[in-house]
Number of protein chains: 2
Amino acid sequence: MTAYSELAGHFGRIAALSNAVGILQWDSDVMMPKGAAETRAESMALLHVLRHGLVTEPRIGDWLARAEDDATLGAWEKANLREIRRIWTVETALPAALVEASSKAVSACEMRWRQARADSDFAGLLPFLSEVLNLQRQIGQAKGEKLGLPAYDALLNDYEPGGSAARIDALFDDLAAFLPGFTREVMEVQARRPALEPLEGPFPAETQRALGLRLMAALGYDFERGRLDISTHPFCGGADNDVRITTRYDEGDFTKALMGVLHETGHALYEQGRPQAYLNQPVGAARGMSVHESQSLLMEMQACRSRPFLAFATPLMRDAFAGSGPAWDSEAMWRRYTRVEPGFIRVDADEVTYPAHIILRYRLEKALIADAMPLAELPAAWNEGMASLLGVAVPNDRLGCLQDIHWPSGGWGYFPTYSLGAMTAAQLFDAACRAEPGILPGIGRGDFAPLVGWLRANIHGKGSLLSTDALLTEATGRPLDASVFKAHLRRRYLEEV
Amino acid sequence: MTAYSELAGHFGRIAALSNAVGILQWDSDVMMPKGAAETRAESMALLHVLRHGLVTEPRIGDWLARAEDDATLGAWEKANLREIRRIWTVETALPAALVEASSKAVSACEMRWRQARADSDFAGLLPFLSEVLNLQRQIGQAKGEKLGLPAYDALLNDYEPGGSAARIDALFDDLAAFLPGFTREVMEVQARRPALEPLEGPFPAETQRALGLRLMAALGYDFERGRLDISTHPFCGGADNDVRITTRYDEGDFTKALMGVLHETGHALYEQGRPQAYLNQPVGAARGMSVHESQSLLMEMQACRSRPFLAFATPLMRDAFAGSGPAWDSEAMWRRYTRVEPGFIRVDADEVTYPAHIILRYRLEKALIADAMPLAELPAAWNEGMASLLGVAVPNDRLGCLQDIHWPSGGWGYFPTYSLGAMTAAQLFDAACRAEPGILPGIGRGDFAPLVGWLRANIHGKGSLLSTDALLTEATGRPLDASVFKAHLRRRYLEEV
């Protein structure tokens, strides 16, 4: 057996283990009775230990060294070796004591955070969050030494391989200069339009589910390799060939769950479209979180909040819920789904104001990891940032710097991928529509095959063959910049009707 | 750390892995989309390999030797060592090549069996089943050498630790002498009663589910540590503190699913009642398959098909399905639920004729493992046995020796536990009612607390502390014999009303 085959076999077993973890995580969020939490945590911890053991086996280093000298390998195999070496380098970078300390600090901080958020009590969280931050800094430094990267970039690379703060700074500075003035303009245009009439419910969950399934099918979701279920926090998870999405239904407002399902379907189409021949290999994985988020936002923001899609989908909504009157007009639905409203909470933000939430978090976490700002100053810095980027006055930390679980749970370096994803989505959708004239008319009649066909060929089917930059350059002719996203926003939100 | 603590920690990790397998198996049967089958099979195979690796680690032998010399251990710890040694002995008994050959033969035979059953084609299955049997014989011999047991007893011990063919022969010969004549008497009594009127449906699945949940609650099922779902083949599975049962609904007949739910609830109460302090240790496991089956049959056959329970439950059924007329009378429901009808299919058999199906299978599999009968003669021997034990003429092998998956899937030595369970259930229920006079009146008003309290104290909470024999002797005053079961059958089926 060649060294490459040994590696492929070994990482196939790792994938089999990761797939087990994926289904158990889904079960924890969707099915598990609450009395099983502790037992489940033990199973998950054990599987993570077993997985870490498999990924850090010393013989991987020997196999890699031999396989990298193998002149017979093709492009996919070489890219697979590159990905395996990256994963192996990162996973072997951390001393076990640091992993354990971080895991304990995160558990304690997450638990404290739930109370601190409810009480708007940043001071109570501070010692816990400080411990997490301190350990994240050490983790970033340890990984950074192995990867030749600054600490923040090393953390970022867990979610966005190849990403760098220098690159993000340029993109986000561009957006940050554009958004505040643009948002004011949008609000003025919006203020000149008549008020939206309410959609009168109730909207039974079963009907919402049926409509969601109908639209998932229109987008091309493969129900033989996935499911739609309910969870408190919607997500796309599961395993290879078993890509499950979730939502939660509000019987007083169907619009959020419906668009949420379309968002998760975008993630799921990426997962279902990864290359079958390398599905259980690192090179067959999704390219990174910004590309992943681009796939959900391309479906949600670019395709499904567009006039053509809503002209197709609004009658289906009206029929499903027996709606009538001007609120159920497709233009009214488009205005509802493109409404802009600066607010305090990221997860409730619209397409225009969302990046401001992200830019703020990115700048703060970068400064904190670099030790360029004391953690105790976070609330003040947060509130200043919200005032200058969004023009809102944050009344308390519950609606401010305590709202997200990412930092308490050790997810430092994740935030920027949301807005990188939004920009990537705009650039990809623009290129797709130029390359394939059938895409926009298809969306207008609920036929996503032309769009998904283009995405399969240019994104989904490529897995991790290319770097994020190369993937985007091959698909759109150039690396990511903010211009197409800005043009999209201007076109959608400033065009008077 | 003492050798005992090392062992307990190690087997705690094995339990964490087994719990993961349990939930994934549940998911495969209840939730998994069909396109995920192959991916899931890879995950399951990997987890089984990892589990086998943990259970057969050589250091377990060293720990055992040292722990068995530890004079400070209490009864539970000593019993845990006994169970660990048994498991370790059995799992290390087989050469890897034999395990692999058996696994492959079983896969091939199971697949061939589905077609052979459909076609009633025993000749087509013969070479595949012959291979499985041959390997089972070798497995029985290899385990038997390590355990000091004959091959059949060694196979039986996987399901019924401490069980032996000599013991089962005595019990089953007693029953076999009793049942044919008794069954004829029952049929005569039954023939003198007026015919049962049909229950007019349909019976919506949602209503059946709600009623099932209501009765599960009455029996004492803990919904914080379990769920009720749907699967093609009903089962009780899941994990520690996460005991999930399933059923399947026929909208034309609610009676089967309802009693099936009560049967699985009996299994689940056992699992939920195992000792929390040893839940993840071998000594905390259920005692064996005959005791497990006794818990489902105690609930189903002894408690829930009784007149007192049906007097309580029939009005609930009537209300749920808006039934009316004499078919919904509780005496009619009791007659429906105690109807006897000799037939060809084991899983459709009633309480009286079920043991004949089991005795036949047991005698045949014992002869086959002992090479005392050529496999080619199985259909003829089967049909002869059905004629003499049940008085029915089997028309083809689909309704005969091809009906069960157990033999094709390598489950040799399992069948006797069904009827050992039925006898054990009768003996336990009889002892429980004598010891605790509140049990029968409780059942009559849907209050199972007195019964479950007795079972918790005498069976569930004992885990694998005692041998099956000792467990039953402590609970009922004597080891298992057929007399209480026969008395129960005479009382229930020959009493004229």
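Procedures and definitions
Residues numbered from 1 in each chain as written. Chains lettered and ligands numbered in written order. Predicted model: local features only at pLDDT ≥ 70, side-chain atom pairs only at ≥ 80, totals over all residues. Heavy atoms only, no water. UniProt positions renumbered as here; feature names shortened; annotations may be inferred. Helix = DSSP H or I, 4+ residues; strand = E, 2+ residues; numbered from the N terminus. Rg over C-alpha atoms; globule rule 2.2 N^0.38 Å. Buried < 20%, exposed > 50% of the residue type's maximum accessible area, 1.4 Å probe, protein only. Contact = heavy atoms within 4.5 Å. Areas by Shrake-Rupley, 256 points an atom, 1.4 Å probe, with all protein chains shown as cover. Lys, Arg positive; Asp, Glu negative; His and termini not counted. Charge placed at Lys NZ, Arg CZ, Asp CG, Glu CD. Buried area = accessible area lost by both parts, 1.4 Å probe. Salt bridge = Lys/Arg side-chain N within 4 Å of Asp/Glu carboxyl O. Polar contact = N/O pair within 3.5 Å; in protein donor to acceptor, adjacent residues only side chain to side chain. Nonpolar A, V, L, I, M, F, W, Y, C, P; charged D, E, K, R; others polar. Expected span 1.5 Å × (residues − 1). Bend = angle between axes of the 7 residues up to and from the residue. Least-squares fit on C-alpha atoms with pLDDT ≥ 70 in both. Pairing = 2+ DSSP bridges. Axes fitted to C-alpha atoms, helices over the stretch in contact; angles between N-to-C directions. Core = buried A, V, L, I, M, F, W, Y, C linked by side-chain atoms within 4.5 Å. Domains from an automatic or database assignment.

As recorded in an unreviewed UniProt entry, chain A goes by Metal-dependent carboxypeptidase and comes from Bosea minatitlanensis. What UniProt records for chain A under Catalytic activity (unreviewed entry) is the sentence "Release of a C-terminal amino acid with broad specificity, except for -Pro." Per UniProt, the comment on chain A under Function (unreviewed entry) is "Broad specificity carboxypetidase that releases amino acids sequentially from the C-terminus, including neutral, aromatic, polar and basic residues."

Caption draft 1: The overall build of chain A, seen in detail. If you tally the helices and strands in chain A, you get 20 helices and three strands. Its C-alpha atoms give chain A a radius of gyration of 23 Å, within 12% of the compact-globule value 23 Å for 497 residues. Along the first, second and third principal axes, the C-alpha set of chain A runs to 70 × 50 × 50 Å. In chain A, which comprises 497 residues, the share counted as buried stands at 57%. For chain A, contacts bridging at least 24 residues in sequence account for 73% of all contacts bridging at least 6. When the accessible surface of chain A is totalled, it reaches about 19600 Å², and 55% of it is carbon and sulfur. Across chain A, the centroid of the 50 positively charged side chains sits 2 Å from that of the 63 negatively charged ones.

Caption draft 2: The interface of chain A and chain B, seen in detail. Counting residues at the interface gives 31 residues for chain A, matched by 31 residues for chain B. Together, the buried faces of chain A and chain B total about 2500 Å²; carbon and sulfur atoms form 63% of this surface. Scanning the region where chain A abuts chain B turns up four salt bridges. One salt bridge in this structure joins Arg244(B) and Asp27(A), with 2.8 Å as the shortest N-O distance. Along the contact surface separating chain A from chain B lie 12 residue pairs in polar contact (both at pLDDT 80 or more). Taken together, the elements giving at least two residues each to the side of chain A that touches chain B come down to helix 1 (3-30), helix 2 (37-55), strand 1 (226-230) and strand 3 (242-247) of chain A. Looking at which element gives the most residues to the side of chain A that touches chain B, the answer is helix 1 of chain A, with nine residues. Residues that form the side of chain A that touches chain B fall into these classes: 14 nonpolar, six polar and 11 charged.

Caption draft 3: View of helix 12 (residues 307-321) of chain A. Residues and elements named next belong to chain A. Taking 1.5 Å of rise per residue, 15 residues should cover 21 Å, and helix 12 covers 20 Å from first to last C-alpha, within 8% of that figure. Where helix 12 bends most, at Ala313, the angle is about 30 degrees, and the proline Pro315 comes one to four residues later. Among all positions in helix 12, only Phe309, Leu310, Phe312, Ala313, Thr314, Met317 and Phe321 are buried. Residues of helix 12 that are buried make contact with helix 9 (205-219), helix 10 (255-272), helix 11 (289-304), helix 13 (330-337) and helix 17 (439-444). Where helix 12 terminates, the next one or two residues include Ala322, which has phi positive at roughly 50 degrees.

Caption draft 4: Looking closely at the relation of the copies chain A and chain B. The transform that puts chain A on chain B rotates by 180 degrees and translates by 0.0 Å along the axis, for an RMSD of 0.0 Å. Both copies are brought into coincidence by an operation consistent with a two-fold rotation axis. Nearest to the rotation axis, the C-alpha of Leu24(A) is located 3.6 Å from it, this being the minimum over chain A.

Caption draft 5: Representation of the environment of Met187(B) within the structure. Residues and elements named next belong to chain B. Relative to the helices and strands, Met187 is located in helix 8 (residues 165-191). On the accessibility criterion, Met187 (25% relative accessible area) is partly exposed. Taking C-alpha positions, Met187 is 27 Å from Pro379, a pair spaced 192 residues apart along the chain. Look past the residues within four positions of Met187 in its chain and what remains in contact with it is Val340, Glu341 and Pro342.

Caption draft 6: Fine view of the sheet that holds strand 2 (residues 236-239) of chain B. Residue and element names in this part refer to chain B. What the three strands build is an open sheet, ordered 1-3-2; its pairing is mixed. A strand with exactly one partner marks an edge of an open sheet, and here the two such strands are strand 1 (226-230) and strand 2. Strand-to-strand twist in this sheet, taken as the mean axis angle between neighbours without regard to direction, amounts to 25 degrees. Taken together, the four bridges between strand 2 and strand 3 (residues 242-247) define a ladder with antiparallel strand orientation. Across the sheet, residue Cys236 finds its bridge partner in strand 3, namely Ile245. In this fold helix 10 (residues 255-273) packs onto strand 1, strand 2 and strand 3, with an angle of close to 165 degrees to the strand it touches most, strand 3.

Caption draft 7: Inspection of the nonpolar core at higher detail. Ranked by internal contacts, the top residues of the largest apolar core, which has 295 residues, are Leu451(A) and Leu451(B). Not counting chain neighbours up to four residues away, the residues in contact with Leu451(A) comprise Leu298(A), Met299(A), Ala303(A), Phe429(A), Ala432(A), Ile439(A) and Ile443(A).

Caption draft 8: Structural detail: helix 10 of chain B. In this model helix 10 of chain B runs 27 Å from its N-terminal to its C-terminal C-alpha over 19 residues, within 8% of the 27 Å that 1.5 Å per residue would give. Burial analysis of helix 10 of chain B places 17 of its 19 residues in the buried class, the great majority of the element.

Caption draft 9: Just the domain arrangement of chain A, in detail. Residues and elements named next belong to chain A. Domain assignment breaks chain A into domain 1 (1-92) and domain 2 (110-497). Here domain 1 and domain 2 have C-alpha centroids that lie 27 Å from each other. Listed per partner, the contact involves 25 residues of domain 1 and 29 residues of domain 2. Here domain 1 meets domain 2 over a buried area of about 2100 Å², counting both sides, of which 62% is carbon and sulfur. Considering only the side of domain 1, the residues that lose the most area to domain 2 are Trp26, Trp76 and Val90, jointly responsible for 32% of the buried surface there. Of the charged contacts, one joins Arg287 and Glu83 as a salt bridge, the two residues approaching to 3.0 Å between their closest N and O atoms. The interface formed by domain 1 and domain 2 includes eight residue pairs in polar contact (both at pLDDT 80 or more). Listing elements by their share of the side of domain 1 that touches domain 2, those giving two or more residues are helix 1 and helix 4 (75-91). If you tally residues by element for the side of domain 1 that touches domain 2, the top one is helix 4, at 12 residues. Grouping the amino acids of the side of domain 1 that touches domain 2 by side-chain chemistry returns 14 nonpolar, six polar and five charged.

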